[in-house]
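# Fold and geometry: a report
Chain by chain, the residues:
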Amino acid sequence: MASQSDDIARYAHGVLDRLEADGLRRQMAVTRRAPGGSAVRDGKTMVCFCDNDYLGLSQHPRVIAAARDAAAAFGAGAGASRLVAGNAPLNEALESRIATLKGLEAARVFGSGYLANIGAIPVLAGRGDVIVLDELSHACMRAGAQLSGAETEIFKHNDLEDAEAKLRQAAKGDGRTLVLAETVYSMDGDLAPLAGLNALCDAYGAWLMTDDAHGFGVVDQANPAPIQMGTLSKACGAYGGYVAGPKPFVDLLTSRARSLVFTTGLPPAILGAALAALDVMADEPWRRARALDNAALFCREVGLPAPESAIVPLILGDPAATLAASARLEAAGFLVTAIRPPTVPRGTSRLRITFSADHDPADVVRLARLVGEATDGIRVEAAE
Ligand SMILES: *Cc1c(COP(=O)(O)O)cnc(C)c1O
């Protein structure tokens, strides 16, 4: 009789072979990121144009020192859930800073942005309610919607008319309606029509919750949403997530958000790093400007419209072609990982190029020269 291990291995092989055949098998490579926007893989130093460290804060000496200091003061791990003994002193300092930055009453810090979404969404909506979300909403918003047990309705990307049709329908029911959108779409870099979405929510008695993972610290956009979540792992350079909103709602998260209650608090080093990163964001506003300037420079050089954020997608469509383009850029010293389904919709595999304050504009221009636009789509040329 085959052992369980053999059975599991056969099953996994079968799935992996199918993924491989479709060009969708995922792999990880050890990547050592370093200051100056660089990354070392297999001994080769490249310029990294695919991380979310938009301000370079994960490598900032003040942020690293704060992580070290917090670990020395409070230990390496939280030791328990925040509701038991794991609520290290830095949590509350970080929460009040985030609430002030967002202009909202209160904030709760979670283990990650993913945990924040899957924890908070089911607190806002459940069985009998409707969640209306943009078709490009991040996987963790969808996961939160699914966990909630609410009915989900998807509207066409950034399409207020379609969103209104879904809201009109939802308003006929007896339950609550929650609308979910990103402030800056993670794979496309475009902005949501937040004022329009909020006005629709007002008109149809719905609530708006936004995901600011790629906006926080980078894109300064007015956001009228009463509930705003985000991550501390991107421009903030550390780890963790947050949900901000009215104080009673934040208090309710402490009792009801399962991904807060049943998981260990963040390590003190991470909290210290995030707090220091917020200080650096305030003290060095040139970082934000420089990340956006680098994105704009790239778009000018390749003849694309001006970007709305620090993210510029080059959609190639076919996963194999995208992998090949990524490999060519890598050979020329630029790390731009291919993004394929299910991270993006089928037929829209892409190079997702992200810009940082740490990038040297000369490298941005070099990258632009390697990436050319052609009538049959985007053409990536090999190094000279
Ligand atoms: C990265 C991301 C998250 C998850 O944040 P983590 O802190 O990395 O778990 C949530 N939403 C969006 C839009 C993201 O891009």
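For the structure itself, look to the data block above.
Residues numbered from 1 in each chain as written. Predicted model: local features only at pLDDT ≥ 70, side-chain atom pairs only at ≥ 80, totals over all residues. Heavy atoms only, no water.

So, about the overall build of the chain. Summing up its helical and strand segments, the chain has 13 helices and 16 strands in all. By the compact-globule yardstick of 21 Å for 384 residues, the chain fits well, its C-alpha radius of gyration being 22 Å. Summarising its shape, the C-alpha atoms of the chain cover approximately 60 × 60 × 50 Å along the three principal directions. Counting the 384 residues in the chain, one finds 50% classified as buried. Counting only contacts in the chain whose residues sit at least 6 apart along the sequence, the fraction spanning at least 24 positions is 68%. Of the accessible surface of the chain, which amounts to about 17700 Å², a share of 53% is contributed by carbon and sulfur atoms. Between the mean site of the 37 positive side-chain charges and the mean site of the 45 negative ones, the chain shows a separation of 4 Å. (Helix = DSSP H or I, 4+ residues; strand = E, 2+ residues; numbered from the N terminus. Rg over C-alpha atoms; globule rule 2.2 N^0.38 Å. Buried < 20%, exposed > 50% of the residue type's maximum accessible area, 1.4 Å probe, protein only. Contact = heavy atoms within 4.5 Å. Areas by Shrake-Rupley, 256 points an atom, 1.4 Å probe, with all protein chains shown as cover. Lys, Arg positive; Asp, Glu negative; His and termini not counted. Charge placed at Lys NZ, Arg CZ, Asp CG, Glu CD.)

Going from Pro 341 to Pro 342, the amide bond is cis rather than trans, its omega being 10°. As for its placement among the helices and strands, Pro 342 is situated in the loop between strand S13 (338–339) and strand S14 (349–354). One non-glycine residue, Asp 42, lies in the positive phi region at around 50°. Of the residues examined, Asp 42 reaches a relative accessible area of 83% and is grouped as exposed.

Further remarks concern the pattern of salt bridges. What the rule picks out here adds up to 17 salt bridges. Arg 366 is the salt-bridge partner of Asp 363, the closest N and O atoms lying 3.2 Å from each other. Here Asp 363 and its partner Arg 366 are both found in helix H13 (residues 361–370), three residues apart, which amounts to about one turn of the helix. One continuous salt-bridge network, built from bridges that share partners, spans Arg 33, Asp 51 and Asp 53. (Salt bridge = Lys/Arg side-chain N within 4 Å of Asp/Glu carboxyl O.)

Moving on, we come to the nonpolar core. Across soluble globular proteins, you tend to see nonpolar side chains buried next to one another. Counting residues in hydrophobic clusters, the biggest one holds 36 residues, and the most contacted among them are Leu 94, Ile 98 and Leu 232. Put simply, the parts of the chain that give this core at least two residues each are helix H2 (61–74), helix H3 (90–102), strand S4 (106–110), strand S10 (241–245) and helix H10 (268–283). Tallying contributions element by element places H10 first for this core, with nine residues. Excluding anything up to four places from it in sequence, Ile 98 contacts Ala 107, Val 109, Leu 232, Tyr 242 and Leu 278. Membership of the second largest hydrophobic core comes to 24 residues, among which are Ala 116, Ala 150, Met 209 and Leu 253. (Core = buried A, V, L, I, M, F, W, Y, C linked by side-chain atoms within 4.5 Å.)

Let's shift gears to the sheet that holds S13. Read from one edge to the other, the open sheet built from three strands follows the order S11-S14-S13, with strand pairing classed as antiparallel. Of all strands in the sheet, those bounded by a partner on one side alone are strand S11 (311–317) and S13. Across two bridges, the pairing between S13 and S14 is antiparallel. Counted as the bridge partner of Ile 339 is Arg 350 from S14. Where helix H12 (residues 319–331) meets the sheet, it contacts S11, S13 and S14, and its direction lies at approximately 35° from that of S14. (Pairing = 2+ DSSP bridges. Axes fitted to C-alpha atoms, helices over the stretch in contact; angles between N-to-C directions.)

Tracing the backbone shows Ser 186 in the loop between strand S7 (177–182) and helix H7 (194–204). Exposure remark for Ser 186: the relative accessible area of 6% places this residue in the buried category. Residues contacting Ser 186, with those up to four places away along its chain left out, are His 138, His 214, Ile 311 and Arg 352.

Attention now goes to the site of the ligand. In the vicinity of the ligand lie 14 residues, with Gly 113, Asp 211, His 214, Thr 231 and Lys 234 positioned nearest. At 2.6 Å from an oxygen atom of the ligand is found a side-chain nitrogen or oxygen belonging to His 214. Burial of the ligand by the protein amounts to 88% of the accessible area it has alone, namely 380 Å². Among the residues forming the shell around the ligand, the class breakdown is three nonpolar, eight polar and three charged. (Near = heavy atom within 4 Å. Polar contact = N/O pair within 3.5 Å; in protein donor to acceptor, adjacent residues only side chain to side chain. Nonpolar A, V, L, I, M, F, W, Y, C, P; charged D, E, K, R; others polar.)

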